[in-house]
Amino acid sequence: MDLITLTVAILSLFFILLIIRKILASTPNWHSPQMNGKVCIVTGCSSGIGKETAIRLSELGATLVLANRNPRASRELADQLGPNVTPITLDLSDLRSVEAFVKSFGEKFDKCDVLCSNAGVMSFGAPLPPTAQGFEAAYGVIFLGHFYLTKLMMPFLTKVKGRVICVGSYTSRTNDTSVLDPTFHLHNTGRYNAMKSYSCSKLAEVIFIKELARRCGGDGVRAYVADPGVFRSSISRSNKLMDWAHKQLFMLPSPHDGAQTSLYCCLAPTEELVQG
C-alpha cells in the first residue's frame, strides 16, 4: 500500500468515526417533563456528567441540591443556575460529613424526589488516601458513602416515593467476590489495582440498588442503575497523563451526552423504567 492510499484510508476512517460519534451523541427524543416542585439531589456535580445532570434538572424547574465536597465549586454553580439551587457540602469519604449533610438537608427540605448518586473517585497511580473511617477511597466514596447517604435519606424519599439513581459502570461486570468484604484492600499483598477497587465499588453499588429495589417493592422508593458508558470526564484527574488523554480523545462522548442516561432515570415515566 503506497503512502497516498494509506493517507486516504486513514482520513476516510477518521471521518467515518466522526459521523458515528455524531450519531451516538445525538439529542435524545424522549420527553423531558417539568420538574417544578421536585426536590433533587445530585452528588459530585462540580464537573462531568454530574454537573450536566444538575444543569438540566435546574433548567426543568427542579429545586436542586448540589452535594459536593468543594463548597466553592458548588457556590459557583449555584450562582450560575439561579435561586432554586442550594449547595450543601458533602464529603462522601467521611461518614460524619454524610450525617451533617442529611441534617442540613432536613433543616431546609421535608422531602426528596430524586437522589442521583453520581460522585466517584479513581486512582491511576498510587492509592488515594483512605476514607476518614479507614476504607479504601473508591470503595468508601462510591459505595459506602452513597449507601449511608441513601439510608439516612430514606424518610425523605419514602414520603414522596422518590427515586434513587446510581451512576453505574461497565466495569461492574466483574465476578470478583472480594466486593463482599469491605476490608478487601487491607488483604491485598500485591500491587495496588485501581481498576479492581473501582470495579468492585461499582459492583457493590449495583448489588445495593438491586436489593433496595427488591425491599421497597413496586409502590415505594424506586431504585435504578444508570450506566452512561465511557465518556470524557475528570475521574482520572489523580494522574495528569491519564486525565489529559481521557479528556482529549475526540471519539469519547461528551459529559453532556453521558448525562442522558442518568437524566432518563430521573425523568422518564415509571412504567418505562426497570428497577435495579
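Scoring rules and cut-offs
- Residues numbered from 1 in each chain as written.
- Predicted model: local features only at pLDDT ≥ 70, side-chain atom pairs only at ≥ 80, totals over all residues.
- Heavy atoms only, no water.
- Helix = DSSP H or I, 4+ residues; strand = E, 2+ residues; numbered from the N terminus.
- Buried < 20%, exposed > 50% of the residue type's maximum accessible area, 1.4 Å probe, protein only.
- Contact = heavy atoms within 4.5 Å.
- Areas by Shrake-Rupley, 256 points an atom, 1.4 Å probe, with all protein chains shown as cover.
- Pairing = 2+ DSSP bridges.
- Axes fitted to C-alpha atoms, helices over the stretch in contact; angles between N-to-C directions.
- Salt bridge = Lys/Arg side-chain N within 4 Å of Asp/Glu carboxyl O.
- Phe/Tyr/Trp six-rings, centres within 6.5 Å; stacked < 30°, edge-to-face > 60°.

### Quick look at the overall build of the chain
- Tallying secondary structure elements over the chain gives 8 helices and 6 strands in all.
- Helices and strands in the chain line up, N terminus first, as α-β-α-β-α-β-α-β-α-β-α-β-α-α.
- Here the chain holds 276 residues, and 48% of them are scored as buried.
- The contacts of the chain with a sequence gap of at least 6 include a subset with a gap of at least 24, amounting to 71%.
- Roughly 14200 Å² of accessible area belongs to the chain as shown, and the carbon and sulfur atoms make up 59% of that amount.

### Comments concerning the environment of P155
- Assignment of secondary structure puts P155 in helix α5 (residues 137–159).
- Between the C-alpha atom of P155 and that of D110, which follows or precedes it by 45 residues, the distance is 9.0 Å.

### Section: the sheet that holds strand β2 (residues 63–68)
- On the basis of which strands lie adjacent, the open sheet formed by 6 strands has the order β3-β2-β1-β4-β5-β6 and parallel pairing. Among the strands making up the open sheet, the edge pair consists of β3 (85–89) and β6 (222–226). Pairwise comparison of adjacent strand axes, ignoring direction, gives a mean angle of 15 degrees for this sheet.
- Bridge analysis of strand β1 (residues 39–43) against strand β4 (residues 114–117) gives 3 bridges, and the strand direction is parallel. Pairing of V42 across the sheet is with C116, part of β4.
- Here α5 sits on the sheet and contacts β1, β4 and β5 (163–167); the angle it forms with β4, its principal contact strand, is near 175 degrees.

### Concerning the side chain of S262
- Mapped onto the secondary structure, S262 falls in helix α8 (residues 255–267).
- Those residues in contact with S262 that sit more than four places away from it in its chain are I49, T53, C116, I165, V167 and A226.

### Brief notes about the pattern of salt bridges
- Applying the stated criterion across every chain yields a total of 10 salt bridges.
- For R96, the salt bridge is made with D94, and the minimal N-O distance between the two is 3.1 Å.
- Take R96: its relative accessible area is 54%, and that puts it in the exposed class.
- For K103, the salt bridge identified is with E107, shortest N-O distance 2.9 Å. Within this pair, K103 and its partner E107 are both found in helix α4 (residues 95–108), separated by 4 residues, close to a single helical turn.
- A relative accessible area of 54% places K103 in the exposed class.
- Look at the salt bridges and you will find they share partners, linking E211, R214 and R215 into a network.

### Some thoughts on the packing of aromatic side chains
- According to the stated counting rule, one finds 6 aromatic pairs in the structure shown.
- Consider the rings of F101 and F105, whose centres lie 6.4 Å apart with planes at 25 degrees: the pair is stacked. Of this pair, F101 and F105 both sit in helix α4, 4 residues apart, which is roughly one turn of the helix. Note on accessibility: F101 and F105 belong to one class, buried.
- Between F105 and F109 the ring centres are 5.0 Å apart and the planes differ by 35 degrees, which places this aromatic pair in the tilted class. We note that F105, like F109, is buried.
- Here the aromatic cluster, defined as three or more aromatic residues joined through ring pairs, consists of F101, F105, F109 and F156.

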